[in-house]
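Architecture at a glance
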Amino acid sequence: MLPPEKMDKSCTLLVHYDKGTPAVAKEIKEALEGNDVEAKVDAMKKAVMLLLNGETIPQLFITIIRYVLPSEDHTIQKLLLLYLELIEKTDSRGKVLPEMILICQNLRNNLQHPNEYIRGVTLRFLCRLKETEIVEPLTPSVLQNLEHRHPFVRRNAILAIMSIYKLPNGDQLFVDAPEMIEKALSTEQDPSAKRNAFLMLFTCAEERAVNYLLSNVDKVSDWNESLQMVVLELIRSVCKTKPTEKGKYIKIIISLLSATSSAVIYECAGTLVSLSSAPTAIRAAANTYCQLLLSQSDNNVKLILLDRLSELKSSHRDIMVELIIDVLRALSSPNLDIRRKTLDIALDLITHHNINEVVQMLKKEVVKTQSGELEKNGEYRQMLIQAIHACAVKFPEVASTVVHLLMDFLGDSNVASALDVVAFVREIIETNPKLRVSIITRLLDTFYQIRAGKVCPCALWIIGEYCLSLSEVESGISTIKQCLGELPFYSISEESEPTETSKKIQPTSSAMVSSRKPVILADGTYATQSAASETTFSTPAVVQGSVASGNLRTLLLTGDFFLGAVVACTLTKLVLRLEEVQPSKTEVNKTVTQALLIMVSMLQLGQSPASPHPIDNDSYERIVLCIKLLCHRNDEMKKIWLESCRQSFVKMISEKQLREMAELKAKTQTTNAQPDDLIDFFHLKSRKGMSQLELEDQVQDDLKRATGEFIKDENDANKLNRILQLTGFSDPVYAEAYVTVHHYDIALEVTVINRTKETLQNMCLELATMGDLKLVERPQNYSLAPETSMQIKANIKVSSTETGVIFGNIVYETSNVMERNVVVLNDIHIDIMDYISPAVCSEAAFRTMWAEFEWENKVAVNTTIQNEREFLDHIIKSTNMKCLTAPSAIEGECGFLAANLYAKSVFGEDALVNVSIEKQTDGALSGYIRIRSKTQGIALSLGDKITLKQKGSS
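If you're wondering where the values come from, they're calculated on a predicted model, not measured in any experiment. (Residues numbered from 1 in each chain as written. Predicted model: local features only at pLDDT ≥ 70, side-chain atom pairs only at ≥ 80, totals over all residues. Heavy atoms only, no water.)

Take the pattern of salt bridges next. Enumeration over the complete set of coordinates arrives at 29 salt bridges. In this structure, glutamate 427 engages lysine 656 in a salt bridge whose closest nitrogen and oxygen atoms are separated by 3.3 Å. Of this pair, glutamate 427 sits in helix H26 (residues 415-431) while lysine 656 sits in helix H36 (residues 635-667), and the two are 229 residues apart along the sequence. Each of Asp337, Arg340 and Glu379 takes part in salt bridges that share partners, so that together they form one network. (Salt bridge = Lys/Arg side-chain N within 4 Å of Asp/Glu carboxyl O. Helix = DSSP H or I, 4+ residues; strand = E, 2+ residues; numbered from the N terminus.)

Counting residues in hydrophobic clusters, the biggest one holds 207 residues, and the most contacted among them are Tyr83, Leu126, Phe198, Leu213, Leu552 and Met599. If you tally residues by element for this core, the top one is helix H33 (residues 561-581), at 12 residues. If sequence neighbours within four positions are ignored, phenylalanine 198 has contacts with Leu185, Ala209, Tyr212, Leu213, Leu227, Val230, Val231 and Leu234. Core analysis: the next-biggest nonpolar cluster, separate from the first, contains 30 residues, Leu773, Ala794, Ile828 and Ile830 among them. (Core = buried A, V, L, I, M, F, W, Y, C linked by side-chain atoms within 4.5 Å. Buried < 20%, exposed > 50% of the residue type's maximum accessible area, 1.4 Å probe, protein only. Contact = heavy atoms within 4.5 Å.)

A few words on the layout of surface pockets. Considering only enclosed or pocket space, the second largest pocket measures out at about 1700 Å³ in volume. Considering the residues around the second largest pocket, the lining is formed by 39 residues, among which Leu86, Ile87, Glu88, Lys89 and Asn781 are closest to the centre. Only helix H5 (74-86), helix H8 (132-135), strand S8 (760-770) and strand S10 (781-784) provide two or more residues apiece to the lining of the second largest pocket. The dominant element in the lining of the second largest pocket, judged by the number of residues it contributes, is S8, at four residues. Residues belonging to the lining of the second largest pocket are distributed by class as follows: 14 nonpolar, 11 polar and 14 charged. (1 Å grid on protein atoms, 1.4 Å probe; cavity = no way out; pocket = protein on both sides within 12 Å on 5 of 7 lines; lining within 4 Å. Points joined across faces, edges and corners; volume = space filled by probe spheres on them. Nonpolar A, V, L, I, M, F, W, Y, C, P; charged D, E, K, R; others polar.)

A separate point is the packing of aromatic side chains. One pair of aromatic rings is described through two measures. These are the centre distance and the angle between the planes. Tallied over the entire structure, the rule returns nine aromatic pairs. Here phenylalanine 729 and tyrosine 734 contribute two aromatic rings whose centre-to-centre distance is 5.5 Å and whose plane-to-plane angle is 10°, an arrangement assigned as stacked. Every member of this aromatic cluster is reached through a ring pair, and the members are Phe198, Tyr212 and Trp223. Of note, arginine 339 hangs over the ring of tyrosine 380, and the distance from its end group to the ring centre comes to 3.7 Å. Taking NZ or CZ as reference, lysine 858 lies 4.2 Å from the ring centre of tyrosine 928, over its face. (Phe/Tyr/Trp six-rings, centres within 6.5 Å; stacked < 30°, edge-to-face > 60°. Lys NZ or Arg CZ within 6 Å of the ring centre and 35° of its normal.)

Written out as structure tokens, the structure is:
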């Protein structure tokens, strides 16, 4: 432990910051007073940077008025406008500073300047002015620019009029602004100016914009892309306030679906979905997304389109089922993320009507992966195999069309792909008894191609369980013998002189020199040999066999004795079944002898120095058990070996299916309507003037009301839990925040209450963040009257799941005390639970990620809970994760429990958790919770959450 004085030692961080010192201000002033244009440009840039850093530098204002305002250089004029935009234009009471009048004449001159660029940038500057006193004398000059010959000036003049009109009392400065803009819109030819004019009407006089749109319905499809986007925004706004009138606007949206711009088409589809639930509208939107999916080359755009299709799938599955083949065409993209998301969407849209088409298309994609042109073909093939597996499980009738094609990949170099194939074959052979004979025959024919040590055990299990007839059993035994090659697996050769190898294995003690070792002779019998000679050494050597000696032999000689134990179990099952189907006892005994010889040879190989490493105890005991069983066969053991294993597998499959059905049921949202809800029956309404689309939309609305889909009341308790108190009740300013987290955004609604009898001037909510959080906008100053309240909104961007903290102050001034008062706010801790959600992955994928991820956080179990299962449920609930371990694997009371949990964050990060706990003699639980992830943030954040929550149910 460090002494306290060492632990409390402060840390100093030096941060470079350009302060507006008098020396720097003097240099800028001298440069501005000179005649060098480049020096003036550099000086103005420095002044702007100082203002952005928070400096005021008021001593430069008069210098800039005298020496920079008269300049004709365009760059200097642009920098001047930036400077004027940044400086403070009002005093502490909100009144415009007297010196600001000096710039009005210059702005008026710029608005009448012969150069259109000067006019345009000045008009754009006026859009950012919020002070009515400065803008008021400039209004006649702004209006004159509406008729300027250059479109750059006209489009900026329209935006300036819109900004001024929206100011407090701005409608008094431009009384007839909407009428003038509407007149300009009817004669304007420039697309950008036309768009700005329509935007001004939409913002300031919506009725005029609607009238203009409805009077030019036939011309909308010929308008410019930017104007069409504003039209769609207007339609969304109008339909939100007047939903009964959306029928006439949907016709405009459908006409825009044939536009040439991809952005307009995408917005049209999104608008259709948001306004209408009619099948015709949803079908048109889905078709649009599918067309864009094929025409766009940007992968990010494709992923966004797939997200939109996924949303449609969840709310309008019946319509999306018709487009499943169009969705699957996105598999032509080489990007794996796009392919994965496409397959996920397609698998949820499979029905009895389209299953054959889907499987046929997936088979074609599997065949394409054999070309080997792309480096990630193996991973893509694995995804396709998993998709076909899911199809065959849902619809067993298609299994016969794909199982033989996939069995060609049992020897795939991509081990994960081969594992998926053999798992698929194992499940299909159980669920489709009609395919058993053909699968076994094909498996025995292709077994020699399997080279992966992880695939062979599963294939051997299938052979041992499903070879039932005499010919199948004999073929199974013969195949295993051929793949093992000739016996023995090693031999002892004699050399006249000790070699380097023999020296390494030469015994050192006399007792070991005289030890006796078993030797397999050429005729298969056993003999013993003593290594007692000083000049002759017995050297074990592996018998490699021929090149075609078999895959099992190769794997055994590398030290894979778990595979050897599986071979022994498979041979035992085949021999026991042979005894049932083979009438000749002589043949049975001969086969038993051969099987025993193979097992003994594997044991000797495992105990010999020729093996890379000795046989493990589990494999040794398993092989010995098989030998004892073959030597002492009885009906009870035969029943266990030939029936119980298969029954356990059947139980596992049924539990898996039940679990999947439960997950599917949990995903299905059930909504109920209240008894006194109003339902409008469109059949009793007048249909005069209503299009088919409007009729369909009315039907869908009635159905949603009847089923309660429109009711989306947020739980009041959850809403209250998101309100955080930021200040104390005794503080002069009370503040509390309502925090809303939505994926990448955090919205803070801060309620500020002035509890004093004085007006708070220049009140500012200053926020800062720690972690991967970023403030979107700069804080603004407000004035708050005595004993009143106001709401201040702040938006924060999130870039990772690392635990973040938001902290800050409320700063204000009063009329009595000119010094600034500061109220420190409580910290807001962003909870990681808002960013992670339960997810599912295969056991193989979990193990692969567990081995790859480098960040691990190990948390010791420290809880008052005494039941293992109860503690696991508490951890699952606290961490919002999914338990991947099957319920049957954690049932019962044995004092031990191990389970794997998995979740994904909204940023695509994987979170892996392993819970290993043991019940002590005193009833307390002990053990560890290990968290692994690719990034440090999620591992640390989850660890902190578990440490905080594991002690109890709080």
